[in-house]
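Now for the letters of each chain:
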Amino acid sequence: MLEPAELVRGSNATLQCEIAGTGPFEINWFKDKKQIRSSKKYRLTSPKGLACIEISSFNSADVGEYECVVANEVGKCGCSATYRLKEPPSFIKKIENVTAFLGNAVTFQAVVRGSEPISVTWMKGKEILKEMDKVKITFENSISSLTIADVQPSSAGKYTCLAENEAGSQTCFGELSVKEPARIVDKTELTQVTAGDPATLECTVAGTPELKTRWLRHGKELMSNKKYRISFKNNTACLKFYSSELQDSGEYTFEVSNDAGSMKCQITFTVLDRTIPPTFTKPLRSLDSIVSATCRLECKLSGSLPMSASWFKDGKEITGEKYRIAFGEGSASLDISRVDMSDAGIYTCRATNSAGSKESSGTLTVKEPPSFTSKPDPQEVLPGSTVRLKAAFQGTAPFSIQWFKGEEELTTGGTCYITKEALGTTLEIYAVKQSNSGSYACKVSNVAGAVACTANLFVKGLHSLFAFGLLHS
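Since this is a predicted model, take the numbers as computed values, not measurements.

### Considering the nonpolar core
So, point 1. Counting residues in each nonpolar core, the largest one holds 22 residues, and the members touching the most others are Phe 108, Trp 122, Leu 146, Cys 161 and Leu 176.
So, point 2. Broken down by element, the residue count for this core peaks at four residues, all from strand β11 (residues 106-113).
So, point 3. Discounting chain neighbours no more than four positions away, the residues touching Leu 176 are Val 98, Ala 100, Val 106, Phe 108, Ile 148, Ser 155, Ala 156, Gly 157 and Tyr 159.

### Focus on the sheet that holds strand β29 (residues 295-302)
So, point 1. Strand order in this open sheet of four strands is β27-β29-β33-β32, and the pairing throughout is antiparallel. Edge positions in the sheet fall to β27 (279-282) and β32 (323-328), since each has one partner strand and no second. Taking the axes of each pair of neighbouring strands and ignoring which way they run, one obtains an average angle of 30° across the sheet.

### Some remarks on the pairing of strand β33 (residues 331-336)
Note on strand geometry: in a regular strand, side chains alternate between the two faces of the sheet.
So, point 1. For β33, the buried fraction is high: six of the six residues fall into the buried class.
So, point 2. Of the two faces of β33, the one carrying Ser 331, Ser 333 and Asp 335 and the one carrying Ala 332, Leu 334 and Ile 336 are both buried.
So, point 3. In this sheet, β33 lies alongside β29 in antiparallel orientation, the contact comprising six bridges. Its bridge partner being in β33, Cys 299 is matched across the sheet by Ala 332.
So, point 4. Relative to β33, β32 is paired through six bridges, and the arrangement is antiparallel. From the neighbouring strand, Ala 326 faces β33, where its bridge partner is Ser 333.
So, point 5. In textbook terms, the turn of a hairpin is the stretch between consecutive antiparallel strands, and for β32 and β33 this stretch comprises two residues, one of which, Glu 329, has a positive phi near 50°.

### Focus on unusual backbone geometry
Trans is the common state for peptide bonds, and a negative phi is the common state for residues other than glycine.
So, point 1. For the bond running from Leu 305 to Pro 306, omega is 0°, close enough to zero to count as cis.
So, point 2. As for its position among the elements, Pro 306 is in the loop between β29 and β30 (308-313).
So, point 3. For the peptide bond that leads from Ala 397 to Pro 398, omega is 0°, which places it in the cis range.
So, point 4. Within the element layout of this structure, Pro 398 appears in the loop between β38 (387-394) and β39 (400-405).
So, point 5. Even without being glycine, Ser 57 reaches a positive phi, approximately 45°.
So, point 6. Looking at the secondary structure, you find Ser 57 in the loop between β6 (50-55) and β7 (64-71).
So, point 7. On the basis of relative accessible area, Ser 57 is assigned to the partly exposed category, the value being 35%.

### Structural notes on the state of the cysteines
So, point 1. With the rule as written, the count across this model stands at zero disulfides.
So, point 2. In this model Cys 52 remains outside any disulfide bridge; the closest cysteine sulfur is found in Cys 17, 8.2 Å from its own.

### Some thoughts on the packing of aromatic side chains
So, point 1. Counting across every chain of the model gives eight aromatic pairs.
So, point 2. Geometrically, the ring pair formed by Tyr 66 and Tyr 83 is edge-to-face, given 5.9 Å between the ring centres and 80° between the ring planes. Of this pair, Tyr 66 sits in strand β7 while Tyr 83 sits in strand β8 (residues 76-85), and the two are 17 residues apart along the sequence.
So, point 3. Taking relative accessible area as the criterion, Tyr 66 reaches 0% and is therefore assigned buried.
So, point 4. The buried category is assigned to Tyr 83, whose relative accessible area is 5%.
So, point 5. Look at Phe 241 and Phe 269: their rings are 4.6 Å apart centre to centre, the planes differ by 25°, and that puts the pair in the stacked class. In this pair, Phe 241 is assigned in strand β24 (residues 236-241) and Phe 269 in strand β26 (residues 261-272), connecting sequence segments 28 residues apart.
So, point 6. Aromatic rings pair up to connect Tyr 228, Phe 241, Tyr 252 and Phe 269 into one cluster.
So, point 7. Over the face of the ring belonging to Phe 173 we find Lys 158, whose NZ or CZ atom lies 4.3 Å from the ring centre.

Calculation criteria
Residues numbered from 1 in each chain as written. Predicted model: local features only at pLDDT ≥ 70, side-chain atom pairs only at ≥ 80, totals over all residues. Heavy atoms only, no water. Core = buried A, V, L, I, M, F, W, Y, C linked by side-chain atoms within 4.5 Å. Buried < 20%, exposed > 50% of the residue type's maximum accessible area, 1.4 Å probe, protein only. Helix = DSSP H or I, 4+ residues; strand = E, 2+ residues; numbered from the N terminus. Contact = heavy atoms within 4.5 Å. Pairing = 2+ DSSP bridges. Axes fitted to C-alpha atoms, helices over the stretch in contact; angles between N-to-C directions. Disulfide = S-S within 2.5 Å. Phe/Tyr/Trp six-rings, centres within 6.5 Å; stacked < 30°, edge-to-face > 60°. Lys NZ or Arg CZ within 6 Å of the ring centre and 35° of its normal.

Spatial relationships are all this shows, so hold off on functional conclusions.
What follows is the structure in structure tokens.
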């Protein structure tokens, strides 16, 4: 019997029926009731017990009902079936761009049609997504969905839905934008100054632009004037008093907002008619830096002027061209150029005026990017051998270790086994074949950078083995 089927465009198709009865037989093939003759397109054969027709390069013109009629002296019979082209995937509904608020759930959805079976793959950028705690992927009744719970800023980006079957593939794209509510990440603490001194209240904010900021006192919004200047730059909002007065003392409110949310805080500002010792309104904080980078240690101060600031590392005062020290408008900073591992340590800022002194300390941790201490050697081996490619490295842990053959990332499985140690890694390939020949790369990365090295593997083929045998015979 002929069975209905869907065929891939351009493929060669063979239709066949089993024949039983007393020969000789007369066999005829028909397409849509029209008889088919042998030609370049159709090849009719009748091996023992079978009636066959081979159709070369099946295309849309070949779609239709095929019938095989067999006759002998006693009678005749026939069977028929319809053959269609496999339909490549297409999207009835494509995924759309989505904007989501931080922490919310978001769903991308596409409706796919085409000949079964269809497989669907979701990607973010070039990375294939897999189901995990916060990612759910479904494909039911032609509807493919990708749901991301608890959206984070890192979730933003381009998402791709790839649908595939034997007849072809189709993709569609959508962008996820994540709106982060406005929030205050840092602020000036209690600030005390002497009357007549300048002073600055400061808040650092974050969130999706456009961020709107304002300062208030007694419920009324403050505007820049001769008394103070209001600014907002690089996500830092400042209220600067040119010359503070006793009546400026009190609570000041700062607000930041965007279309995703808002946040506010209070800052206490005190103006006294006496000399005030230094205080740190933003203490020095511990910091991570990377070898060869430039880093800045910074703190905020209040107190009576004049005031000076000195810097120390592990108890010794800092001097030299490598460092740049600045102090002004209540801010003390230390810039370190061309950071190296010896710069790691405890840094202290000491502020001094006529009323006393105050210190604030923080630790600088220097991260070293990975570098190879040994690299894998190129190898030329016989089929069936076990190959070991080894690499050793140094730097600041933790490390991410990856092995590649060409552009394809390798994982443990089958004849491949990868070991990862604290400062080394090995790629083992068992029972190698000629197809294992190629360029292998080891990539090691950490927060400070990444490094890669390559080695070529050549697995000798039968030709080279035969030549080797002739040479030694």
